[in-house]
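# Fold and geometry: a report
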Amino acid sequence: MAVTDIASRTYNHGWRLDPIVRSLLDTDFYKLLMLQMIREFYPGQHTTFSVINRSRHVRLAEVIDEGELRAQLDHARSIRFSKKELIWLAGNTFYGKTQMFSPDFINWLATFRLPEYELHKVDGQYELHFHGPWTHTTMWEIPALAILNELRSRQVMKGQGRFALDVLYARAKAKLWAKVERLRKLEGLRLSDFGSRRRHGFLWQRWCVEAVKEGLGPSFTGTSNVLLAMDNDLEAIGTNAHELPMVAAALAKDDTELRWGPYRILDQWRHTYGGNLLIALPEPALGRTARRRSRQAKKSSSGGSRWAGIPRRSFWCSPMAWTSDQSRRPTAILPVASGSASAGAPT
């Protein structure tokens, strides 16, 4: 496979649009796994997903041009799954299971497109909102985060000369390869990539995945990025995320449904999948953290809002879910943009 000269691509922006999202497979594997379950059990459920920058000192609307942002979002909406991609999804083996995705689901994906978006500037920040069926809004998560982060990276590097960019990426490559050489010495190493949503850029993530694959061999178990897994003959890694119990909590009509929401999700997940996708973390390792966060959630409860402590018995990231008493429509708040002073430079 040819290696892209990333510095030249970064420097030479002579084309009308250099797309950030090149494929609907440029997403995390767990999004597709969750999507199939959501379509099975919640086909008509409407949700609102929002991207809100929690690092308020990073004023994205003052860094990223609104026209460029809209152009990238519009381009993402124009993309469809290709025949090659659908054939790969339908025929590949994931976690030792053939036909992980049903023929009906694959046929449905053939006509899928991302729904419309709502973009606002609020106090130097961008707020993105995606309204519609849960089966569609959920798929905006990774593309939206990747677009915002890469546009910020491009802006940070704008104006740097060809040689300065060449040295920047050369240093970044040398730094990553030094890590690979250190990792080679670890016995029993099992490493996978989960960098899509916070990546410096698609080309850099692709270079890193290809480099680590060559450098670590079988110790590199795969990547969560489905497109990179397909292109590099790697395992697509992922199960599910805290999004599922969060929406279940938002839909709960009373405290009993709220308490049982995460367990209902687990049962629905078990119904859709089985075997190696039934991953759980041991309770002793998480029990204390879950109880502490649950207490914090209860303390945060105030005026018109309800926070729900969710037991961390499965592989999810957060024990909390939110819903407003004024609307039963679930809302997911997605983090974006690192507050690091070095954001924008590859590491």
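Residues numbered from 1 in each chain as written. Predicted model: local features only at pLDDT ≥ 70, side-chain atom pairs only at ≥ 80, totals over all residues. Heavy atoms only, no water.

Among the structural elements, Thr-138 can be located in the loop between helix H7 (134-137) and helix H8 (141-157). Setting aside its immediate chain neighbours within four residues, Thr-138 contacts Lys-31, Leu-35, Ile-38, Phe-49 and Glu-243. (Helix = DSSP H or I, 4+ residues; strand = E, 2+ residues; numbered from the N terminus. Contact = heavy atoms within 4.5 Å.)

In this fold, Glu-141 is placed in helix H8. Each C-alpha atom, one on Glu-141 and one on Phe-49, is 7.9 Å from the other, the two residues being 92 residues apart in sequence. Among the polar contacts made by the side chain of Glu-141, one reaches the side chain of Arg-197 at a distance of 2.8 Å. (Polar contact = N/O pair within 3.5 Å; in protein donor to acceptor, adjacent residues only side chain to side chain.)

This model, assessed by the stated rule, comprises 16 salt bridges. Notably, a salt bridge pairs Lys-121 with Glu-66, separated by 3.7 Å at the nearest N-O pair. With a gap of 55 residues between them, Lys-121 in strand E4 (residues 118-122) and Glu-66 in helix H4 (residues 66-78) connect regions that are remote in the sequence. Note that Glu-150 and Arg-154 form a salt bridge whose closest N and O atoms lie 3.3 Å from each other. Taken together, the residues Glu-150 and Arg-154, both in helix H8 and four residues apart, mark about one turn of the helix. Like Glu-150, the residue Arg-154 is buried in the burial classification. In the salt-bridge network here, residues are joined through shared partners; they are Asp-28, Lys-31, Glu-141, Arg-197 and Glu-243. (Salt bridge = Lys/Arg side-chain N within 4 Å of Asp/Glu carboxyl O. Buried < 20%, exposed > 50% of the residue type's maximum accessible area, 1.4 Å probe, protein only.)

Membership of the largest hydrophobic core comes to 83 residues, with the highest contact counts inside it found for Leu-25, Leu-69, Leu-89, Phe-101, Leu-109 and Leu-128. Here this core takes nine residues from helix H10 (residues 202-216), the largest share from any one element. Setting aside chain neighbours within four positions, we find Leu-128 in contact with Phe-49, Ser-50, Val-51, Leu-73, Tyr-117, Glu-118, Leu-119, Ala-144 and Leu-148. (Core = buried A, V, L, I, M, F, W, Y, C linked by side-chain atoms within 4.5 Å.)

What follows covers a positive patch on the surface. On the surface, a cluster of positive charge is contributed by Lys-175, Lys-179, Arg-182 and Lys-185. A relative accessible area of 41% means that Lys-179 is categorised as partly exposed. (Patch = residues over 30% accessible without salt bridge, like charges linked within 9 Å, V, L, I, M, F, W, Y side chains within 5 Å. Areas by Shrake-Rupley, 256 points an atom, 1.4 Å probe, with all protein chains shown as cover. Lys, Arg positive; Asp, Glu negative; His and termini not counted. Charge placed at Lys NZ, Arg CZ, Asp CG, Glu CD.)

For the rest of this paragraph, the subject is the packing of H4 against H8. Between H4 and H8, the shortest axis-to-axis distance is 11 Å and the interhelical angle comes to 140°. By the angle between their axes, H4 is oblique relative to H8. Crossing geometry of H4 relative to H8 is assigned as right-handed. Taking contact as the criterion, the partners of Glu-68, Leu-69, Gln-72, Leu-73 and Ala-76 in H4 are, on H8, Ile-147, Leu-148, Leu-151 and Arg-154. Looking at the contact of H4 with H8 residue by residue, the class counts come to six nonpolar, one polar and two charged. (Axes fitted to C-alpha atoms, helices over the stretch in contact; angles between N-to-C directions. Parallel < 35°, antiparallel > 145°, perpendicular 65-115°, else oblique. Left-handed = near helix turned anticlockwise from the far one by under 90°. Nonpolar A, V, L, I, M, F, W, Y, C, P; charged D, E, K, R; others polar.)

Turning next to the packing of helix H2 (residues 29-41) against helix H13 (residues 255-272). Two elements in contact, H2 and H13, have axes separated by 10 Å at closest approach and are oriented at 105°. Classified by the interaxial angle, the pair formed by H2 and H13 is roughly perpendicular. Residues Leu-33, Met-34, Gln-36, Met-37, Glu-40 and Phe-41 of H2 form the contact with H13, whose participating residues are Ile-265, Gln-268, Trp-269, His-271 and Thr-272. Of the residues that constitute the contact of H2 with H13, the class distribution is six nonpolar, four polar and one charged.

A separate point is the packing of aromatic side chains. Applying the stated criterion to the full structure yields 15 aromatic pairs. Aromatic pair Phe-29 and Phe-101: ring centres 6.0 Å apart, planes at 85°, arrangement edge-to-face. Separated by 72 residues along the polypeptide, Phe-29 in helix H2 and Phe-101 in the loop between strand E3 (97-98) and helix H6 (103-109) bring together distant segments of the chain. Here the two residues Phe-29 and Phe-101 agree in accessibility, since each one is buried. Here a set of aromatic residues connected by ring pairs shows up, and it is made of Phe-29, Phe-81, Trp-88, Phe-94, Phe-101, Phe-105, Trp-108 and Phe-112. (Phe/Tyr/Trp six-rings, centres within 6.5 Å; stacked < 30°, edge-to-face > 60°.)

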